[in-house]
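# Descriptive structure summary
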Amino acid sequence: MSDKKPLISTNMKRRTFLKWTGAAAVPVIAGGIGTKLLIDKKEVKSPEIKEVTETVVSTCSVNNCGGKCVIKAHVRDGVVVRISTDTNKGDDLSTPALRACVRGRSYRSMLYHPDRLKYPMKRVGKRGEGKFERISWEEAVDTIASEMKRIGDKYGPDSRYANYASGNQGLYAGRTCARRLMALTGGFLHYRNDYSSGASNVATPYTYGSNNSGNSYDSLLHSKYIILWGQNPAEIIFSTPYRDFLLAAKKNGTKIVVIDPRYTDTVVAFADEWIPILPTTDNAMMDAMGYVIITENLHDQAFLDQFCVGFDSDHMPDGVDKKESLKSYLLGEKDGIAKTPEWAEKITRVPAEKIRQIAREYATAKPAALIQGWGPQRHAYGEQVMRGGAQLACLTGNVGKLGGWAAGTGYSEPRSGIVFPITFENPIKATIPCYQWTEAVERGTELTAADGLQGADKLNTNIKLIFNMAGNMLINQHSDINRTHKLLVDESKVEFIVASDIFMTPSMKYADIILPATTFFERYDIGTPWGTGDYVIFGDKVIDPLFECRNEYDVFAEIADKLGVKDKFTEGKTALDWVKESIKRTKEEMHPDFPTFEEFRKMGVYYFKHDAPNIAFQKQIEDPANNKFETPSGKIELFSKALYDMNNPKEIPAIAKYVPAWEGPEDPLKETYPLQLISWHYKRRVHSTHDNNPWLEEAAKQEMWLNPVDAKARSIKDGDRARVFNGRGELEIDVKVTSRIMPGVAAIPQGGWYTPNEKGIDQRGSVNVLTKHHPTPLAKANPQLTNLVQIERA
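What this report covers is the structure whose coordinates are included nearby. Only a predicted model underlies this, so the values are computations on that prediction, with no experimental measurement involved. (Residues numbered from 1 in each chain as written. Predicted model: local features only at pLDDT ≥ 70, side-chain atom pairs only at ≥ 80, totals over all residues. Heavy atoms only, no water.)

## A few points about the packing of helix H4 (residues 175-184) against helix H16 (residues 552-562)
When two helices pack together, their arrangement is captured by the angle between the axes and the distance separating the axes. Where H4 meets H16, the axes come as close as 9 Å, and the angle between the chain directions of the two elements is 15 degrees. As judged from the angle between their axes, H4 and H16 are roughly parallel. H16 is crossed by H4, and the crossing has right-handed handedness. Contacts from Cys-177, Ala-178 and Leu-181 in H4 reach Glu-552, Tyr-553, Phe-556, Ile-559 and Ala-560 in H16. (Axes fitted to C-alpha atoms, helices over the stretch in contact; angles between N-to-C directions. Helix = DSSP H or I, 4+ residues; strand = E, 2+ residues; numbered from the N terminus. Parallel < 35°, antiparallel > 145°, perpendicular 65-115°, else oblique. Left-handed = near helix turned anticlockwise from the far one by under 90°. Contact = heavy atoms within 4.5 Å.)

Now the structure itself:
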């Protein structure tokens, strides 16, 4: 048990207490969840009010949000009393304002939320029931060390697994610590790829040989035409300056088109035109655009001849039928079906003339940028979407050009960033796609290369131990919650689960040992944006950890000590020392102008400066003799011989093409479940983080979007509660009837916390109750936007 003083003591000044709780907060005594501290104003004498010095500490929200913003914590008497943010006006786009959005502004509510996990606990009920009792840190550390050794000795080190997730994880906390320790004690089964862009990460290199197919965002200032295909940067912030450059491009007169089933906030803020399209049908529209571009002679034949393999019969790999070319497919020379706009209209519901218009505009505006979001590739055949966008970029010669965009994954070749010094060498070389972890629990020894296993012919064991650090992927964010629940509650399968977080999320309820983690206010860190954000933010420690919360690094150092590897684990360094080491090595190895620790801490933000935009594949296009593409042919492979040799043309074609999706608009299952269900990343959450934040519930309610046509057919009115179901599960959610979503499609914001009632029916709108665990064919990636459902008034 802890000997620390309770956070709220009986002699705390009333004024300080009220500052700590806020007007709407429920105060909590350390050691109890939801315990109210009642104050009778008649019995409490107001103390003499004295001036209290306020300090402002600049830190960074290192949660799994792409933008990363400056959080300025105003502290009095050791308490964060309010939050402000970056005061930079952002007039210079090279030093953009890193202002907090509605999520960032609400972090004080997260820090002092009454439901913060306060001390380590062990499970006393059945898995998933959420019944725990308080234990000491000593017992938690001893139990984890003992179980790590027992399971490793009994089943082998590849029975141990650290689950993919990064919700509350900083650079120096969370799953990195678990993996480093397991690597030092025999190894573990590792994963690769991610849930966000899993299909794209695997598919794009088959075209370009690299995932770095995007430009830096300052390139957009030179674009004449921009298509945002399934991308919503107004809500999901890839990096803060992106939106600034989009706005600047718009002011320059650049036309911006958004293709999306929803009239998103990005359409509202940036678009000149919105093109609604049925989910999973993007490649049909891409094919039809390609048909228009070719038949109207708008393609860049010289570019295709010099840089590409597979466009036409004259540029096919040896030994392959000439009619397998992209041009032959689009013209219907082999299958007899020309991929005309009229053909695509029947599939996508995008009018044929609108497809022609977009194709012509994109092909004739030089340069033009087709930027793909990751939502469309989170469907049954998501690999096709990313390669299809790349095909259009190549047809129009927009690859390697200032103001153009190569499409595909859209990552930019790193030109900024920091050194991350905490590394590990895993003795176990086998890896699985991260989306396949439940398969490795249920039938790990049966997995083969066809399931995505790499680095070994087979696994010696199923997963028996899971570290679920700082994330909600264990149940909430993984597909088919009911299936995962059945898997996890069977203690003969996974024998031991350790989880850390700051709240009792749905995933935490499946743990055997719970570790109360720190927020970014309570530790040192460095904030790095996603993608091409050319800045880093110092994450200063604002206050000491509340209650008995501890940084995972310190906890794993103690576990390492029990296992006899503490010196190797820590290398004699504290978590703060590792932050300093990162800064030191970044300056020595990457960026000589990078500040020292004290300089960086004082600055708060460091901006990387560059002389010119970063253009994907510019060297290959401008100097092809000395810079080949990293593909087998050395060229852009519109036709991939590697994919062709997999001999699965129906699901893994050698050229990108429309493949009708299971649970898509052409699936016969539509007779039973007639609506397509998608989800989106909501402005009030970062994945599932913040779902319990009452301030953000006021800002953006958890509700399902439904078109008036579909609502009327079901006698549903705006604000009604609806029942949404299919063969996998059922949930209830309030409905927003709106023309901002096309008919035939419903949308639920992803990340709502799984909250089943006594009948097992989710009450929060946790969309993964309805999603299917059916990985994409090539990447074995997440297809969570491919679902058919029925909706009824509840």
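## Thoughts on helix H5 (residues 198-208)
With eight of 11 residues buried, H5 lies mostly within the body of the structure. Those residues of H5 not exposed but buried are Gly-198, Ala-199, Ser-200, Asn-201, Ala-203, Thr-204, Thr-207 and Tyr-208. Remark: Gly-209 follows H5 within two positions and exhibits a positive phi of approximately 85 degrees. (Buried < 20%, exposed > 50% of the residue type's maximum accessible area, 1.4 Å probe, protein only.)

## Section: helix H12 (residues 352-364)
In this model H12 runs 18 Å from its N-terminal to its C-terminal C-alpha over 13 residues, within 8% of the 18 Å that 1.5 Å per residue would give. Considered for burial, the residues of H12 that qualify are Ala-352, Ile-355, Arg-356, Ile-358, Ala-359, Tyr-362 and Ala-363. (Expected span 1.5 Å × (residues − 1).)

## As for the sheet that holds strand S15 (residues 496-501)
With mixed pairing, six strands are arranged side by side in an open sheet as S5-S4-S16-S15-S14-S6. For this open sheet the edge positions go to strand S5 (132-134) and strand S6 (160-162), each flanked by a neighbour on one side alone. For this sheet, the mean inter-axis angle between neighbouring strands, taken without regard to orientation, is 20 degrees. Summarising the sheet, S15 and strand S16 (residues 513-516) pair through four bridges and their orientation is parallel. Bridge assignment links Asp-501 to a residue of S16, and that residue is Pro-516. Along the sheet, H4 contacts S6 and strand S14 (465-469); its crossing angle with S6, the most-contacted strand, is approximately 155 degrees. (Pairing = 2+ DSSP bridges.)

## Here we look at the pattern of salt bridges
The tally for this structure, following the rule as stated, stands at 50 salt bridges. Salt-bridge contacts for Glu-235 lead to Arg-262; the nearest nitrogen and oxygen are separated by 3.9 Å. Note that Glu-235 is positioned in the loop between strand S8 (225-229) and helix H6 (241-251) and Arg-262 in the loop between strand S9 (255-259) and helix H7 (265-270), a separation of 27 residues in sequence. Owing to a relative accessible area of 3%, Glu-235 belongs among the buried residues under this scheme. Note that Glu-442 is salt-bridged to Arg-483, the shortest N-O span being 3.7 Å. Within this pair, whereas Glu-442 is found in helix H14 (residues 437-443), its partner Arg-483 is found in helix H15 (residues 481-489), the two being separated by 41 residues in sequence. (Salt bridge = Lys/Arg side-chain N within 4 Å of Asp/Glu carboxyl O.)

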